[in-house]
Each structure stands twice: as structure tokens, then as C-alpha cells.
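The residues making up each chain are set out below.
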Amino acid sequence: MAEHVIELSDVKKEYVMGDQTVFALRGVSFTIDQGEFVTIMGPSGSGKSTCMNMIGCLDRPSSGTVKINGRDISQMTEKDLSYLRNVTVGFVFQQYFLLPAMTVLENVMLPLRYSGVPREERAALAKESLNKVGLSERINHKPHELSGGQKQRVAIARATVTKPKIILADEPTGALDTATGKAVMNLFKEINDSGTTIVIVTHDPRIGESSKRCIKILDGLLC
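Residues numbered from 1 in each chain as written. Predicted model: local features only at pLDDT ≥ 70, side-chain atom pairs only at ≥ 80, totals over all residues. Heavy atoms only, no water.

Trainee: How do you make sense of the sheet that holds strand β7 (residues 166-170) when you look at a structure like this?
Mentor: Sheet strands pair via backbone hydrogen bonds, and the direction of the pair is either parallel or antiparallel. The sheet built from 6 strands is open, its strands ordered β6-β7-β8-β3-β9-β10 with mixed pairing. Strands at the two margins of the open sheet, each flanked by one partner only, are β6 (89-93) and β10 (221-222). The pairing of β6 with β7 spans 5 bridges and is parallel. Within β7, the position partnered with phenylalanine 93 by the bridge is aspartate 170. Running at roughly 75° to β6, helix α2 (residues 78-88) makes contact with β6 and β7 of the sheet. Contacting β3 (37-41), β6, β7 and β8 (197-202), helix α6 (residues 178-193) runs over the sheet at an angle of about 150° to β8. (Pairing = 2+ DSSP bridges. Helix = DSSP H or I, 4+ residues; strand = E, 2+ residues; numbered from the N terminus. Contact = heavy atoms within 4.5 Å. Axes fitted to C-alpha atoms, helices over the stretch in contact; angles between N-to-C directions.)

This is how it looks when you write it as C-alpha cells:
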């Protein structure tokens, strides 16, 4: 039987803004099994980013249950959530979020530093991760010396260096041209083939349809 690495059960999320209450999620339930490749698709304001924040342990539900790797995030301390994020989820964002003063190698080593891995081992693991995304010859470059596609591959190497169960990507091809975007999606598929769960949040139907399963959301509800 497949293992549910992500479980959302009747999840609701409300935000109070002044004298108004915004209902971002209105009772969302779904599961994602270990090793799946899933997209969460919807327009701006649909609730997909709120789902992403739940899966990434960046926010908690107003009601309902969110379990990541079998653990209910509502019952966890901030320290425990931070640890779960670091060891279970690798993040890839549209804008890369690479540190400009650091080399490519140093950027990829960073999550391992938070995990307490010794520097020599961090460097070896980061080089291995960069080799897998085809950037071995760029390890001493700074982010400003890279193309958009190369920056995103560095971000993917950083996300995978801790060998997380889940890669969570937010519009990872949104800043890339079509050909580079396809190359990045192929890289995600290769990572998925190795057994890593991939969850991509997108508004783009082409990206949504390229995954093995697409969860569509609109106005805080699955559709």
C-alpha cells in the first residue's frame, strides 16, 4: 500500500484583514503518495498558494488536519516545524532566491549547514547535487554570472541536496522561456523517477497537464 506523504483533511484557512474575513481554503481534502508527481493548479487567488504553504509547513490551518510525512503540523512546535521543513521538504521558487554574495557551491551547501553537516561533507554532497543538474563546471560562479535556467537548476540542486521526500515548487518555470522551462520540467521528472515526490504549484495549464496528476482549485475549493 502506498504511503501518504501529504494528507489534507477538510482544511480551512481564514485570514482577517481589517473588518473583513478572507476564506482562502473552504474545506480542502486530498492525499499525495510517496513518489507521485502532482501539480496544484488554479488562477491567482484560488487558494493554491495557501495549499503550498500548508504542504511546506509555512502555515497552519484554521481548522482541519494537515499531515506531512505522517505528522500533524497543528500539533508541532515552531522548532519541530522548522526541522520537518528542512529534512522533509525541498523548496524551489520562481525567483530562485539564491544569495548573491555566495558561489553556486555555497548556495547549495546552505541547507546542509542548517542540518549540522560538517563542512567537508557539505561540499561533497553539494558537488554531487550540482553534478546531477549538469552544473559541475559552474560551482565557483556567482548567481549573477548564470542564465535564468542555470539559476533554477542551482535552486533545484539546493532543494535536493538534503535528499528530502518532497520537492515543492512554486511556479518554477514562470520566469523562464519555453525551451528552458521544458528542460526544467524534464529535470523534475528525472528527480521524480528516483522516487522523490514532486508537487508543483502553477497557474499554467500546460504545466498542470504535464504532470501525472493535477489537483485543480478555485475559490478555495477543489474542482
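Trainee: Can you walk me through unusual backbone geometry in this structure?
Mentor: Note: most residues except glycine have negative phi, and most peptide bonds are trans. One non-glycine residue, cysteine 57, adopts positive backbone phi at about 60°. Looking at the element boundaries, cysteine 57 is found in the loop between α1 (48-55) and β4 (63-68). A positive phi angle, close to 45°, is found at glutamate 171, a residue other than glycine. Mapped onto the secondary structure, glutamate 171 falls in the loop between β7 and α6. By relative accessible area, which is 12% here, glutamate 171 ends up buried. (Buried < 20%, exposed > 50% of the residue type's maximum accessible area, 1.4 Å probe, protein only.)

Trainee: In this structure, what is going on with α6? I would like to understand it.
Mentor: An α-helical turn contains 3.6 residues, so a residue and the one three or four places further along point in the same direction. Taking 1.5 Å as the rise per residue, α6 with 16 residues should run 22 Å; its terminal C-alpha atoms sit 23 Å apart, in good agreement. Taken together, the buried positions of α6 are occupied by Gly181, Val184, Met185, Leu187, Phe188, Ile191 and Asn192. Around the axis of α6, the buried residues are gathered within 155° of arc, so they sit on the same side. Exposed and facing more than 90 degrees away from the buried side of α6 are Ala179, Lys182, Glu190 and Asp193. Of the residues flanking the start of α6, the one acting as N-cap is aspartate 177, its side-chain oxygen 3.1 Å from the backbone nitrogen of alanine 179. (Expected span 1.5 Å × (residues − 1). Arc of directions from axis to C-beta. Polar contact = N/O pair within 3.5 Å; in protein donor to acceptor, adjacent residues only side chain to side chain.)

Trainee: Help me out: how do you make sense of the pattern of salt bridges in this one?
Mentor: Opposite charge on two side chains makes pairing possible when the charged atoms of those side chains draw close. The full count for this structure, using the stated rule, is 6 salt bridges. When the shortest N-O distance is used, the salt bridge between arginine 60 and glutamate 78 registers 3.0 Å. On the criterion of sequence distance, the pair formed by arginine 60 in the loop between α1 and β4 and glutamate 78 in helix α2 is long-range, its members being 18 residues apart. Looking at glutamate 78, the relative accessible area reads 52%, which means it is exposed. (Salt bridge = Lys/Arg side-chain N within 4 Å of Asp/Glu carboxyl O.)

Trainee: Even after reading the chapter, I still don't get helix α5 (residues 148-160), so can you show me in this structure?
Mentor: In this model α5 runs 19 Å from its N-terminal to its C-terminal C-alpha over 13 residues, within 8% of the 18 Å that 1.5 Å per residue would give. Of all the 13 residues making up α5, 10 are buried; the element is thus mostly covered by neighbouring parts of the structure. Of the residues making up α5, those classed as buried are Gly149, Gln150, Gln152, Val154, Ala155, Ile156, Ala157, Arg158, Ala159 and Thr160. Of the surrounding secondary structure, the elements contacted by the buried residues of α5 are β6, α3 (104-114), α4 (119-132), β7 and α6.

From the geometry alone we can't say anything about function, so treat these as descriptive.
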